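Coordinates in review
Chain by chain, the residues run as shown.
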Amino acid sequence: MRIITSVAELRELLAQARGAGKSIGLVPTMGYFHEGHLSLMRQCRESDDVVVVSLFVNPTQFGPGEDYEEYPRDPERDAAMAQEVGVDVLFTPSAAEMYPPGDATFVEVTGELTAVLCGARRPGHFRGVATVVTKLFNIVRPNRAYFGEKDYQQLLVVRRLTQDLRLPVEIVAVRTVREPDGLAMSSRNTRLGPKEREAATVLYRSLRAAQELASSGARDAQQILARVREIVAAEPLATLQYAELRDAETLAPVEHIAGRAVLALAAHVGGVRLIDNLIIAGG
């Protein structure tokens, strides 16, 4: 596995692979790998000749007072894990390499996809995501790029920017990987103390209870969301930020479930902000 920090060096290497007719897959990450990241890398390994993983904690997607400085980092550990699953190239640029002095261009997806859920609570977050993803696509020029469904809104935003900018990249969605107790794997989970870690399972428990309610025939969004809020409220270490039912493709609000809807929530547990979601199908 090669570890590359320079845009120019990465472009040169991948131009050779492309010239040899090899397909290139990209897994964009912010590092501190867990099984969720590794599942993306394994799927990329199965589909593409060259597996490129970017490891970059992107400063432009963090707002004032968010956890950019506290975000977990361990590049040596990450490199060992990436090599173990067969990654070919680990791209670890500095902030100055990705955002040289004088950069003044950003990419922004507008409309409901970024105005709701996390977009409403984290101004500028998805502009930072869209900008860094577009930069990575331009640098790597992958045939396919792999994103986890845990960050469901991000997945939709990336799909939209890829479509709107006519980028020749196939966006591959990979299912959320969970701990045995249901907690969605996240690098931020490492910041939870033992009591907070146990309390964090309330997110998945509330989603599953809502899914079961829908499976039993409930279709009214407010009835389903009330069940989520009730369960989270019973956990003293968790503070719900939002729980919403949205159309699974457009993120338009849903009052009565008829087709595919995403039940998305965010909560603070012991000061750590966590997100999760489940798809609920009507009909």
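Treat the numbers as computed from the prediction; the structure is a model and nothing was measured.

1. Details of the sheet that holds strand S1 (residues 2-4)
Across the sheet, six strands lie side by side as S1-S4-S3-S2-S5-S6; this open sheet has parallel pairing. The open sheet has two free edges, formed respectively by S1 and strand S6 (170-174), since each of these has just one partner strand. Shown here is a sheet whose adjacent strand axes are inclined to one another by a mean of 25°, direction ignored. Judged from the six bridges that link them, strand S2 (residues 24-29) and strand S3 (residues 50-55) form a sheet pairing that is parallel. Along S3, the bridge assignment pairs valine 27 with valine 53. Across the sheet, helix H2 (residues 35-47) is in contact with S2, S3, strand S5 (144-148) and S6; its angle to S5 comes to roughly 155°.

2. Concerning the side chain of arginine 273
With respect to the helices and strands, the residue arginine 273 is situated in strand S9 (residues 272-281). No salt bridge is formed by the buried arginine 273, whose closest oppositely charged neighbour, glutamate 66, lies at an N-O distance of 6.3 Å. When neighbours within four sequence positions are excluded, arginine 273 is seen to be in contact with Cys118, Arg121, Arg122, Arg188, Gln241, Tyr242, Ala266, Ala267 and His268.

3. Brief notes about the pairing of S3
Burial analysis of S3 places six of its six residues in the buried class, which makes it a mostly covered element. Along S3, one buried face is formed by Val50, Val52 and Ser54 and the opposite face, lined by Val51, Val53 and Leu55, is buried too. A crossover links S2 with its parallel partner S3, the connecting element being H2, and its sense is right-handed. Bridge count for S3 against strand S4 (residues 89-91) is three bridges, and the pairing is parallel. Looking at S4, one finds that valine 53 is bridged to leucine 90. After leaving S3, the chain enters helix H3 (residues 75-84) and then returns to the sheet as S4, a path that is right-handed.

4. Description of H2
With 13 residues, H2 should cover 18 Å at 1.5 Å per step; its first-to-last C-alpha distance of 18 Å lies within 8% of that length. Among the residues of H2, those classed as buried are Gly36, His37, Leu38, Ser39, Leu40, Met41 and Cys44. On the buried face of H2, the contacting elements are S2, S3, H3, S5 and S6.

5. Some details on the environment of alanine 281
One can find alanine 281 in strand S9. C-alpha separation for the pair alanine 281 and serine 6, spaced 275 residues apart in sequence, amounts to 45 Å. When near neighbours in sequence (up to four residues on either side) are disregarded, alanine 281 contacts Arg219, Ile257, Gly259 and Arg260.

6. Comments concerning the pattern of salt bridges
As enumerated under the stated definition, the model contains 20 salt bridges in all. Residue aspartate 164 is joined to arginine 160 by a salt bridge in which the shortest nitrogen-to-oxygen separation is 3.1 Å. Here aspartate 164 pairs with arginine 160, and both are found in helix H8 (residues 152-164), just four residues apart, close to one helical turn. Look at arginine 160 and you get partly exposed, because its relative accessible area is 32%. As a salt-bridge pair, aspartate 181 and arginine 197 come within 3.0 Å of each other at their nearest N and O atoms. One end of the pair, aspartate 181, is in the loop between S6 and helix H9 (194-199); the other, arginine 197, is in helix H9, and 16 residues separate them in sequence. Here the salt bridges do not stand alone but share partners, grouping Glu112, Arg121, Glu244 and Arg246 into one network.

Definitions and cut-offs
Residues numbered from 1 in each chain as written. Predicted model: local features only at pLDDT ≥ 70, side-chain atom pairs only at ≥ 80, totals over all residues. Heavy atoms only, no water. Pairing = 2+ DSSP bridges. Helix = DSSP H or I, 4+ residues; strand = E, 2+ residues; numbered from the N terminus. Axes fitted to C-alpha atoms, helices over the stretch in contact; angles between N-to-C directions. Contact = heavy atoms within 4.5 Å. Buried < 20%, exposed > 50% of the residue type's maximum accessible area, 1.4 Å probe, protein only. Lys, Arg positive; Asp, Glu negative; His and termini not counted. Salt bridge = Lys/Arg side-chain N within 4 Å of Asp/Glu carboxyl O. Right-handed = clockwise from strand over helix to strand, strands pointing away. Expected span 1.5 Å × (residues − 1).

All quantities given are derived from atomic positions and should not be read as evidence of function.
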